[in-house]
Amino acid sequence: MTSAARDQHGHAVPDAPAGGLRRTLLPLGIVAGGLLVALTVQATFDPFRTNVPLCIVHTLTGLDCPGCGAIRAVHALLEGNLLLALRSNALIILALPAVAAGLALWTVRRARGRPIGMLPSNRVMILLGALVALFTVLRNIPAFWFLAPISFVGA
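Residues numbered from 1 in each chain as written. Predicted model: local features only at pLDDT ≥ 70, side-chain atom pairs only at ≥ 80, totals over all residues. Heavy atoms only, no water.

### A look at the overall build of the chain
Each helix and strand counted, the chain has six helices and zero strands in total. Looking at the chain as a whole, 23% of its 155 residues qualify as buried. Taking contacts inside the chain between residues at least 6 apart in sequence as the whole, the part at least 24 apart equals 60%. When the accessible surface of the chain is summed, it comes to about 10900 Å², and 70% of that surface belongs to carbon and sulfur atoms. (Helix = DSSP H or I, 4+ residues; strand = E, 2+ residues; numbered from the N terminus. Buried < 20%, exposed > 50% of the residue type's maximum accessible area, 1.4 Å probe, protein only. Contact = heavy atoms within 4.5 Å. Areas by Shrake-Rupley, 256 points an atom, 1.4 Å probe, with all protein chains shown as cover.)

See the structure below:
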């Protein structure tokens, strides 16, 4: 008979998942899949020359949502043009390092068999939501033209 770990109230505590290289497959698969999609889009077409009407908000209202220009931004970044990427969608480009750091931390924690509880606090989530809302409003005001996505389609 094995003895399970117990908390202060005597309830059984589940064992932490075992670590190892196998546990890195999920995060590495997500990264590989994302890169494969990005590189496939990169090789397939140029979003600066082809109109890609993916945004229902822009189609219905003419307003730019926080994601408008993201495909062009990633395309420009993969071509090595950071300024054009920032001009297409600064929010997406500035968020990429934080997303990469989060994925790296998640991968390391999974590999070591540590709990993965990495959700930000409510305050951080509210701050991020406010930042996205502010970015969305500002990019639709003419005085902040530099935040609006750029397109060369039809130029």
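Read on, since the account is not over.
### Details of the packing of aromatic side chains
Scanning the entire structure with this criterion turns up two aromatic pairs. Summarising the aromatic geometry, the rings of Trp-145 and Phe-146 are spaced 5.7 Å apart at their centres and angled 85° between planes, so their arrangement reads as edge-to-face. With a relative accessible area of 55%, Trp-145 lands in the exposed category. Residue classification places Phe-146 among the partly exposed residues on the basis of a relative accessible area of 41%. Three or more aromatic residues link up through ring pairs in this structure, and these residues are Phe-144, Trp-145 and Phe-146. (Phe/Tyr/Trp six-rings, centres within 6.5 Å; stacked < 30°, edge-to-face > 60°.)

Shape descriptors only; they carry no functional weight alone.
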